[in-house]
Amino acid sequence: MTSAGRFISFRDIGILFYLVPFRIAVSVLPVNAVRFLGSVLGYVYCALATGRKKRIRQRLRMALGGAVSDSEILALSRRCVYRAVTCHVDALILHRIGSEALLGKGQITGLEYLDNALLKGKGVMLVTGHFTGIKVASRFLHASGYPHFGVTKKREDDHGASQLENRFLAPYWSKVIDRRRNEPVFVEDKDVGLKIMRRLRENGVVMIFLDVPFSHHLVTRRFLGSARAFPVGFLRLVHTTGAVVVPMVSVGDSSGFRIRFEEAVELRQADSGDEFVQKNIDILVQILESQILRDPSHWLFI
């Protein structure tokens, strides 16, 4: 039986440990001590997670082809596992770090692309993926005067996860880690489209994660060597509002991070929303793929 058919799995025990006793412990430890603990846990998990590393190596080989040696693939898989652990540990202390101290740890490039997009007055869709630095990027945007919200789901539907994780643990995990200043917009909300349009028409910023199917409207594309579903509902809203699409990638954590805003995407115009989606989704998928391939170990979904 797969974990999806069970109410609880072994993985749930680890998540419960992370959400309750571990979270309480790191709340009283010094920040540097938590980072050291996260590093130790990263190395320990990397040594133990043989099955996960094997799956990551298979995905990396599929994505990178024969251009990368087996030893490089092995090293990448280890970094993927290690960074996944340290990223989630860092998420528990991010709120304890002052804005000025955090901004001093970052290297920001391309911010002028976001500023120029906002000058057009039609709102901005920040399109990104789940990279290691996404929580830091969200905090940076708020601290720098770019309030925004993201689009997520109230309940997960990970077919590899247990019922307990999908129904209860994953939503609670998101609530604990995010500590958002603004409540997210949920796909399940009946007025999700209106909320996004309202923010865009106020010349606001909406963050869209292209690597998760957080949409009622999906298309399947070849991605990193296999088929993957992508959300396209946001593109229909871009077609309606004239919002500017700016790609963003953020890697690292609160001890040091890099955020790169890329030039606004030159979207192909179309008469209908469906035609607009078909003309432009491949452009965005290729951008995300190129961002991941620069350093796959920073993408949390590998």
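Q: In this structure, what is going on with the nonpolar core? I would like to understand it.
A: Generally speaking, a soluble globular protein has its nonpolar side chains buried in company with each other. By size, the foremost hydrophobic cluster in this structure holds 76 residues, and its most contacted members are M125, L126, L141, I196, F234, M248 and F261. Tallying contributions element by element places helix α11 (residues 273–294) first for this core, with nine residues. Each of domain 1 (1–96) and domain 2 (99–153 + 188–302) contributes no fewer than three residues to this core. Among all residues touching M248, those that are not within four sequence positions of it are L126, V127, T128, I134, A137, L141, M207, I259, R260, F261 and Q291. Counting 11 residues, the second largest nonpolar core, distinct from the first, contains I15, Y18, V34 and A91.

Q: Explain the packing of aromatic side chains here, please?
A: To describe a pair of aromatic rings, one takes the distance between the centres and the angle between the planes. This structure, assessed with the given rule, holds five aromatic pairs. The interplanar angle of 80° and the centroid separation of 5.1 Å between the aromatic rings of F223 and F230 together place this pair among those described as edge-to-face. Just as F223 is buried, F230 falls in that class too. Centroid distance F223 to W299: 6.1 Å. Interplanar angle 75°. Geometry classified as edge-to-face. Note that F223 is positioned in strand β6 (residues 218–223) and W299 in the segment after α11, a separation of 76 residues in sequence.

Q: Can you help me understand the packing of helix α10 (residues 233–241) against α11 in this one?
A: For any two helices packed against each other, one specifies the crossing angle of their axes together with the interaxial distance. Contact geometry of α10 with α11 gives a least axis separation of 9 Å together with a crossing angle of 115°. Our pair here, α10 against α11, has a crossing hand that is right-handed. Facing F234, L235, R236, V238 and H239 of α10, the residues of α11 in contact are G273, D274, F276, V277, N280, I281 and L284. A breakdown of the residues in the contact of α10 with α11 according to their chemical character gives seven nonpolar, three polar and two charged.

Q: Is there a simple way to think about the side chain of T128 in this case?
A: Here T128 lies in strand β2 (residues 124–128). Not counting chain neighbours up to four residues away, the residues in contact with T128 comprise I134, M207, I208, F209, L210, D211, M248, V249 and L288.

Q: Explain unusual backbone geometry here, please?
A: Most of the time, phi is negative for any residue but glycine, and the peptide bond is trans. The backbone of N203 sits at a positive phi, close to 60°, despite the residue not being glycine. Looking at the secondary structure, you find N203 in the loop between α9 (192–201) and β5 (205–209).

Q: Before we go on, may I ask you to explain a nonpolar patch on the surface in this structure?
A: Among the surface-exposed residues, F36, V40, V44 and L48 lie close enough to one another that they form a single nonpolar patch of about 400 Å² accessible area. For F36, the position within the fold is in helix α2 (residues 31–48). Taking the relative accessible area as the measure of exposure, F36 reaches 59% and is therefore exposed.

Q: Whenever I open this one, the sheet that holds β2 confuses me. Can you help?
A: On the basis of which strands lie adjacent, the open sheet formed by seven strands has the order β1-β9-β8-β2-β5-β3-β4 and mixed pairing. The sheet terminates laterally at β1 (106–109) and β4 (185–186), the two strands that pair on one side only. In the sheet, strand β8 (residues 244–253) pairs with strand β9 (residues 256–261) via six bridges, with the strands oriented antiparallel. Looking across to β9, one finds that D253 is bridged to G256. On top of the sheet, α9 reaches β2, β3 (148–152), β4 and β5; it is set at about 160° to β3, its chief contact.

Q: What am I meant to see in the side chain of S254 here?
A: Position of S254 relative to the elements: it lies in the loop between β8 and β9. In this structure the side chain of S254 is engaged in a polar contact, spanning 3.0 Å, whose partner is the side chain of R35. At 2.5 Å, the side chain of S254 and the side chain of D90 are in polar contact. What S254 contacts, discounting residues up to four positions off in sequence, is R35, D90, I93, L94, I97, L102, K105 and V136.

Q: Please explain the packing of α9 against α10 as it appears in this structure.
A: At a minimum axis separation of 11 Å, α9 and α10 run at an interaxial angle of 45°. It follows that α9 is oblique to α10 by the angle criterion. You can see that α9 and α10 cross each other, and the crossing is right-handed. From α9, G193, I196, M197, L200 and R201 reach across to α10, where they touch L237, T240 and T241. Along the lines of polarity and charge, the residues of the contact of α9 with α10 split into four nonpolar, three polar and one charged.

Q: Would you take a moment to explain α9 for this structure?
A: Helical geometry: 3.6 residues make up each α-helical turn, so side chains three or four residues apart lie on a common side. Turning to α9, its buried residues number three or more, namely V192, I196, M197, R199 and L200. What you see down the axis of α9 is that its buried residues fit within an arc of 160°, all on one side. Away from the buried face of α9 by more than 90 degrees, exposed residues L194 and R201 are located. In this structure, the buried side of α9 is in contact with β2, β3, β4, β5 and α10. Of the residues one or two after α9, N203 is the one with positive phi, at around 60°.

Here is what the cut-offs are and how they apply
- Residues numbered from 1 in each chain as written.
- Predicted model: local features only at pLDDT ≥ 70, side-chain atom pairs only at ≥ 80, totals over all residues.
- Heavy atoms only, no water.
- Core = buried A, V, L, I, M, F, W, Y, C linked by side-chain atoms within 4.5 Å.
- Buried < 20%, exposed > 50% of the residue type's maximum accessible area, 1.4 Å probe, protein only.
- Helix = DSSP H or I, 4+ residues; strand = E, 2+ residues; numbered from the N terminus.
- Domains from an automatic or database assignment.
- Contact = heavy atoms within 4.5 Å.
- Phe/Tyr/Trp six-rings, centres within 6.5 Å; stacked < 30°, edge-to-face > 60°.
- Axes fitted to C-alpha atoms, helices over the stretch in contact; angles between N-to-C directions.
- Left-handed = near helix turned anticlockwise from the far one by under 90°.
- Nonpolar A, V, L, I, M, F, W, Y, C, P; charged D, E, K, R; others polar.
- Patch = residues over 30% accessible without salt bridge, like charges linked within 9 Å, V, L, I, M, F, W, Y side chains within 5 Å.
- Areas by Shrake-Rupley, 256 points an atom, 1.4 Å probe, with all protein chains shown as cover.
- Salt bridge = Lys/Arg side-chain N within 4 Å of Asp/Glu carboxyl O.
- Pairing = 2+ DSSP bridges.
- Polar contact = N/O pair within 3.5 Å; in protein donor to acceptor, adjacent residues only side chain to side chain.
- Parallel < 35°, antiparallel > 145°, perpendicular 65-115°, else oblique.
- Arc of directions from axis to C-beta.

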